[in-house]
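Structural description and commentary
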Amino acid sequence: MAQPASKKQRTHPTYELLYHPGIPGRGEHVRLLLEGAGVPYVDTARDQKDGYSTVQQICMNGAAESTDGNPPTFAPPGLRVSGAGKDGKSLVISQTPNILAYLGEKTGMDGEGEQEKYWVAQVAQTALDLNNEVHDTHHPVAVMKYYEEQKEESLKKAADVRENRLPKFFGFFTRMLEWNEGNGGKGKYLIGSKLTYADTTVWQVLDGLYFAFPKEMEVRKKEFSALLDDFYNSVKSEKGIKEYLASDKRFEYSMGIFRNYPELDRQ
Ligand SMILES: N[C@@H](CCC(=O)N[C@@H](CS)C(=O)NCC(=O)O)C(=O)O
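Scoring rules and cut-offs
- Within any chain, residue numbers begin from 1 and follow the written order of that chain's sequence.
- For a predicted model such as this one, the threshold for reporting local features is a pLDDT of at least 70, and the threshold for listing and counting side-chain atom pairs is 80 or more; totals across whole chains, interfaces and linings nevertheless cover every residue.
- The side-chain figures draw on all heavy atoms in the structure; neither hydrogens nor water molecules are used.
- Strands are runs of DSSP state E lasting at least 2 residues, helices are runs of H or I lasting at least 4, and numbering of each runs from the N terminus.
- As defined in this context, the radius of gyration uses C-alpha atoms, and a globule is described by 2.2 Å times the residue total to the power 0.38.
- Under the scheme applied here, a residue whose accessible area is under 20% of the maximum for its type counts as buried, over 50% as exposed, and between as partly exposed, the area being computed with a 1.4 Å probe on protein chains only.
- Should any heavy atoms of two residues lie within 4.5 Å, those residues are counted as being in contact.
- A residue counts as positive if it is Lys or Arg and as negative if it is Asp or Glu; His and the chain ends are not included.
- For the purpose of locating charges, the reference atoms are NZ of Lys, CZ of Arg, CG of Asp and CD of Glu.
- Note on definitions: angles span 0 to 180 degrees between N-to-C directions of axes, and those axes are lines fitted to C-alpha atoms, for helices only across the stretch in contact.
- Every angle not falling under 35 degrees, over 145, or within 65 to 115 is termed oblique; those three ranges are roughly parallel, roughly antiparallel and roughly perpendicular.
- Each residue gets one of three labels, nonpolar for Ala, Val, Leu, Ile, Met, Phe, Trp, Tyr, Cys and Pro, charged for Asp, Glu, Lys and Arg, and polar for the others, Gly among them.
- Lining residues are those with an atom within 4 Å of a point, where the points come from a 1 Å grid over the protein atoms alone and group into cavities, where a 1.4 Å probe fits but cannot get out, or pockets, open sets with protein on both sides within 12 Å along at least five of seven lines.
- Grid points are joined across faces, edges and corners, and a volume is the space filled by probe spheres set on the points.
- By salt bridge we mean one thing: a side-chain nitrogen of Lys or Arg within 4 Å of a carboxyl oxygen of Asp or Glu.
- We define proximity as follows: a residue is near a molecule or strand when any one of its heavy atoms falls within 4 Å of that partner.
- Think of a polar contact as two N or O atoms within 3.5 Å of one another; within protein, one of them needs to be a possible hydrogen donor and the other a possible acceptor, and neighboring residues in sequence only count if both atoms come from side chains.
- Areas reported here follow the Shrake-Rupley algorithm with a probe of radius 1.4 Å; residue values treat only the protein chains shown as occluding.
- Assignment to a cavity or pocket requires that more than half of a molecule's atoms be within 2 Å of the site's grid points.

**Brief notes about the overall build of the protein chain**
- A tally of helices and strands in the protein chain yields 10 helices and 4 strands.
- Here the protein chain has a C-alpha radius of gyration of 19 Å; the compact-globule value for 267 residues is 18 Å, and the two agree.
- For the C-alpha atoms alone, the extent of the protein chain along its principal axes is close to 55 × 50 × 30 Å.
- The proportion of buried residues among the 267 residues of the protein chain is 51%.
- Across the protein chain, every contact between residues at least 6 apart in sequence was considered, and the portion connecting residues at least 24 apart equals 66%.
- The centroid of the 34 positive side-chain charges in the protein chain is displaced by 2 Å from the centroid of its 38 negative side-chain charges.

**As for helix H1 (residues 27–37)**
- H1 sits mainly inside the fold: 11 of its 11 residues count as buried.
- Of all the positions in H1, only Gly27, Glu28, His29, Val30, Arg31, Leu32, Leu33, Leu34, Glu35, Gly36 and Ala37 are classed as buried.
- Where H1 ends, the next residue or the one after it, Gly38, has phi of about 70 degrees, a positive value.

**Brief notes about the packing of helix H8 (residues 214–223) against helix H9 (residues 225–236)**
- Packing of H8 against H9 leaves a shortest axis separation of 6 Å and a crossing angle of 100 degrees. What the angle tells us is that H8 and H9 run roughly perpendicular. Across from Met217, Arg220, Lys221, Lys222 and Glu223 in H8, the residues of H9 making contact are Ser225, Leu228 and Asp229.
- Of the residues in the contact of H8 with H9, the class split is 2 nonpolar, 1 polar and 5 charged.

**Details of the layout of surface pockets**
- Estimated volume of the largest pocket: approximately 850 Å³.
- What lines the largest pocket is a set of 33 residues, among which His20, Arg26, His135, Val143 and Ile257 lie closest to the centre.
- Sorting the residues of the lining of the largest pocket by element identifies helix H4 (96–107) and helix H5 (113–138) as the ones contributing at least two each.
- With 7 residues, the top contributor of residues to the lining of the largest pocket is H5.
- Class assignment of the residues belonging to the lining of the largest pocket gives a composition of 16 nonpolar, 11 polar and 6 charged.

**Brief notes about the pattern of salt bridges**
- In the structure shown here, the tally under the stated rule is 15 salt bridges.
- The closest approach of N and O atoms between Glu16 and Arg80, which form a salt bridge, is 3.0 Å. In this pair, Glu16 sits in strand S1 (residues 15–18) while Arg80 sits in strand S3 (residues 78–81), placing the two residues 64 residues apart along the sequence. Accessibility classification places Glu16 together with Arg80 in one group, the buried group.
- Lys117 is the partner of Glu105 in a salt bridge, and the nearest nitrogen-oxygen pair spans 3.6 Å. Here Glu105 is found in helix H4, whereas its partner Lys117 is found in helix H5, with 12 residues between them in sequence.
- If you follow the salt bridges from partner to partner, you end up with Glu28, Arg31, Asp43, Arg46, Asp47, Asp207 and Arg250 in one network.

**A word on the site of the ligand**
- The environment of the ligand is formed by Tyr19, His20, Arg26, Phe74, Ala75, Pro76, Pro77, Gln95 and Thr96.
- Between an oxygen atom of the ligand and a side-chain N or O atom of Arg26, the distance comes to 3.2 Å.
- Starting from 500 Å² of accessible surface for the ligand in isolation, the protein chains cover 66%.
- One can see that the ligand is located within the largest pocket.
- When the residues that make up the shell around the ligand are grouped by side-chain class, the tally is 5 nonpolar, 3 polar and 1 charged.

Here it is in structure tokens:
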């Protein structure tokens, strides 16, 4: 008798990531979830001719006629899913944690059962809080102004994030690994006994931090080795993630959320 298809084996509709071209950014959390799940997707700005104008029309101007009746979107990333909207039209959703929760459920990257689903979401959202704090190290005053116009405040903000916030977040993620060790996590997973989007989201922020603050991270690696060495390297070599990171689909860090200004790093 045929077995029911597992979450991962289900046939998926076309998932379209709507994001800025050429940078990892917040879109990377969505890419890593899908790559870790082994589910195909279209990265519209990268894969389609005039793809970025589609992203701009849907996610940045919010013109009603371009969104199949979906509500306006404030900013990228967005996710468009063919056939999943009202009356068989496409569905468009936004806000990174919202997209992760949607795709997590569709792909099985949100753990096993009701409890894990919410624990995965809470850990991923904690990593996204850290993501925002790291962004603010180079833009502490005004998002629309250049770093050079807020350098003095950036020095103060970066010092506080490095000295006080990183150890607090790293301590929390380490406690998650310890808590989950006996639940099948084996120091490799934050929740449960397989890869979830909590792991990929935390990993992406750690990876960005290695780029932004290499000196600080070298020191912290000794203090938080279970997280910054063992867990970090284990996620990096997960099936799907490893191949993706080695491919030309993975964008390099440049002038996005994670920036390398040596003066903001540990001196
Ligand atoms: N909370 C939102 C933040 C979205 C966001 O800040 N997007 C950036 C790119 S990563 C953007 O284009 N922002 C334009 C703006 O805020 O005006 C999320 O997590 O999706």
